[in-house]
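Tertiary structure, described
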Amino acid sequence: MNILALESSCDETACSVIANGTEIRSNVVATSSSMHEQWGGIVPEVAARQQLSFILPVIKEALKPLQKNEKEHIRSVIEKNVDAIAVTVGPGLIGSLLIGIETAKALAFITKKPIIPVNHVLAHMYANFLHDPSCMVKNKKTKTKIQDPQTKTYEPILFPAMSLVVSGGHTELFLMRSEKDISWIGGTIDDAAGEAFDKSARLLGFGNKGGFAIQEAAARRAADVSPVFTIRLPRPLLHDETLNFSFSGLKTAIQREWNKHNEHANNLVCAFAYEIQESITDVLVKKTIQAAEMHGVRSILISGGVSSNIRLRQKFLHALSEKQNTMRFHCPPPSLCTDNAAFIGSYAYFRGIPSDWHTLTAIPDLRVSDI
Ligand code: KG4
Ligand code: ZN
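Residues numbered from 1 in each chain as written. Chains lettered and ligands numbered in written order. Predicted model: local features only at pLDDT ≥ 70, side-chain atom pairs only at ≥ 80, totals over all residues. Heavy atoms only, no water.

1. Some points on the coordination of the zinc ion (ligand 2)
Short version of the rule: For Na, K and Ca the donor cutoff is 3.2 Å, while for all other metals N, O and S atoms count as donors only within 2.8 Å; water does not appear among the atoms, so some sites may look incomplete. Every geometry call rests on angle ranges, with four donors termed tetrahedral when all angles are between 85 and 135 degrees, four termed square planar and six termed octahedral when opposite donors are over 155 degrees apart and all others are between 65 and 115, and everything else termed irregular.
Bound to the zinc ion (ligand 2) on the protein side are His120 (NE2), His124 (NE2) and Asp339 (OD), at distances that span 2.0 to 2.1 Å. Geometry at the zinc ion (ligand 2) is tetrahedral, judged from its four donor atoms and the angles of 98 to 128 degrees they form at the metal.

Here it is in structure tokens:
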């Protein structure tokens, strides 16, 4: 079953074709992120305008692997090769969401294909179910395992699983009893981890480059054999028994530490980046493993933009090996952690419910607990 998926909730415009919920046949992403640089944050009107100019070229590009020849019209490609159309309906920016939704509705109408509305946050975790057939080979010895150059190995997810979704706007924990059966069990009571990365990145002078810039600067500090500065920040709710996260106090603590220094030399900036990353990743790892142990799961899954963080992945692997835990750890390749339409297509396959295109609309504040 082939699903054509569209994602346009924020500043990325993405389209993907997914076979049987797991196989990526195409995955195209365009972004307007650089256009927001000068404003210190995403400008919703600019993002929506860019969605409009990107959406058709992105769809055409994503359909190319299915096209018989260059002249074949996208309507005919969809009619012949696609079984359903999936689209993000929320949460997100209303102007951006509407571009994807109205395009999906038009495509569904003209091709008479079912349309499946998708919750973007829940869909993130399905990045863990995706494989790119172009980068896989069968392991000849075991015959069962498949080697993936990006994630090293691919092993099936064992249920129940604990799933951490950690993105720009969300830090949520879900218990997955199967591909279909998900319960929300905890999350942030204020800011998301990604928001803490993004706001810190702005304070440190990295503009809109967010967590990735923090990761790079932190690596420079880690490589420094005799660091001049050592910064110490709190680990919010680390020893709290609930499955709540909180990152807004951390932001204030960072600002307070930052204000203690009159000059912000390069090595001081790297020392801040290092400690910010340590603080956020310590909390994410500890709480997720705590939740996993509480529920006796067999796998841990991470997803969302922050899950591409290298230190976070290292810490999960280290913590699980220290505990000699047999839980499997899954993380998507970085390109599938940040926003794309491949995970939208995967979610639609496993959990999607076709809807009437007449009533389909954007829900900017769609909640994760509305499952
Ligand atoms: O999932 P995503 O692309 O968009 C949302 O749905 O929010 O996540 C974006 C978030 C941003 O906060 C960005 O700073 C963060 O992911 N991010 C990272 C890294 N790459 C992206 N955070 C930490 N380390 C990274 N390497
Ligand atoms: Zn996202």
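We are not done yet, so read on.
2. Remarks on the packing of aromatic side chains
Worth spelling out the cut-off: Each pair of aromatic rings taken from Phe, Tyr and Trp, with Trp reduced to its six-membered ring, is defined by centres within 6.5 Å and is described as stacked if the planes are under 30 degrees apart, edge-to-face if over 60, and tilted in the remaining cases. Numbered from the N terminus, helices here are DSSP runs of H or I no shorter than four residues, and strands are runs of E no shorter than two. We call a residue buried when its accessible area falls under 20% of the maximum for its residue type, exposed when it is over 50%, and partly exposed in between, using a 1.4 Å probe and counting protein chains only.
Summed over all chains, the structure comprises ten aromatic pairs. Residues Trp258 and Phe272 carry aromatic rings whose centres are separated by 5.0 Å and whose planes lie at 80 degrees to one another, so their mutual orientation is edge-to-face. Of the two residues, Trp258 sits in helix α7 (residues 248–259) while Phe272 sits in helix α8 (residues 266–294), which places them 14 residues apart along the sequence. Between Phe316 and Phe329, the ring centres sit 5.1 Å apart and the planes meet at 20 degrees, which makes this aromatic pair stacked. Placement of Phe316 in helix α9 (residues 310–322) and of Phe329 in strand β13 (residues 328–330) is noted, with a sequence separation of 13 residues between them. A relative accessible area of 17% means that Phe329 is categorised as buried. Site record: aromatic cluster; members linked through ring pairs are Tyr126, Phe129, Phe159, Tyr347, Tyr349 and Phe350.

3. Comments concerning the site of ligand 1
Here is the rule: When at least one non-hydrogen atom of a residue lies within 4 Å of a molecule or strand, that residue is treated as near it. Nitrogen and oxygen atoms within 3.5 Å of one another constitute a polar contact, given that in protein one can donate a hydrogen and the other can accept it, and given that sequence-neighbouring residues count only through two side-chain atoms. The accessible surface values rely on the Shrake-Rupley method and a 1.4 Å probe; as for residues, cover is taken only from the protein chains in view. When residue character is reported, Ala, Val, Leu, Ile, Met, Phe, Trp, Tyr, Cys and Pro are called nonpolar, Asp, Glu, Lys and Arg charged, and the others, Gly included, polar.
Around ligand 1, a shell composed of 20 residues is seen, among which Gly168, Asp198, Gly211, Gln215 and Gly305 lie nearest. In the model, a nitrogen atom of ligand 1 is placed 3.3 Å from a nitrogen or oxygen of the Ser308 side chain. Taken by itself ligand 1 offers 550 Å² of open surface, and the protein chains cover 85% of this. Where the shell around ligand 1 is concerned, the elements lending two or more residues are α4 (120–124), α5 (193–203) and α6 (210–223). The greatest single-element share of the shell around ligand 1, amounting to four residues, is contributed by α6. Its residues assigned to classes, the shell around ligand 1 shows four nonpolar, 14 polar and two charged.

4. Some points on the sheet that holds strand β2 (residues 12–19)
Inclusion rule: At least two DSSP bridges between two strands are needed for those strands to be called paired. Under this scheme, a helix contributes an axis fitted over its contacting stretch, all axes are lines through C-alpha atoms, and angles between N-to-C directions fall in the 0 to 180 degree range. Two residues qualify as a contact provided that any one of their heavy atoms is within 4.5 Å of a heavy atom in the partner residue.
In spatial order, the strands read β3-β2-β1-β4-β5; together these five strands make up an open sheet with mixed pairing. Of all the strands in the sheet, the pair left with one neighbour each is β3 (23–31) and β5 (115–119). Between one strand and the next, the sheet's axes are offset by a mean angle of 20 degrees, whatever the strand orientation. Note that strand β4 (residues 84–90) and β5 share five bridges and pair parallel. Residue pairing in the sheet places Thr88 in a bridge with Val118 of β5. Together, β1 (2–7), β2 and β3 form the strand contacts of helix α1 (residues 44–63), whose direction differs from that of β2 by roughly 25 degrees. Against the sheet, helix α3 (residues 94–111) touches β1, β4 and β5, its axis set at about 155 degrees to β4.

5. Quick notes on the pairing of β4
Two faces, one strand: in a regular strand the side chains alternate between the faces of the sheet. We count it as follows: When the strands point away from the viewer and the path from the first strand over the helix to the second turns clockwise, the crossover is right-handed.
Of all seven residues that make up β4, seven are buried, and the element is covered over most of its length. Sheet topology places β1 next to β4; four bridges connect them, and they run parallel. Residue pairing for β4: Ile3 is matched across the bridge by Ala84. Handedness of the crossover joining β4 and β5 through α3 is recorded here as right-handed.

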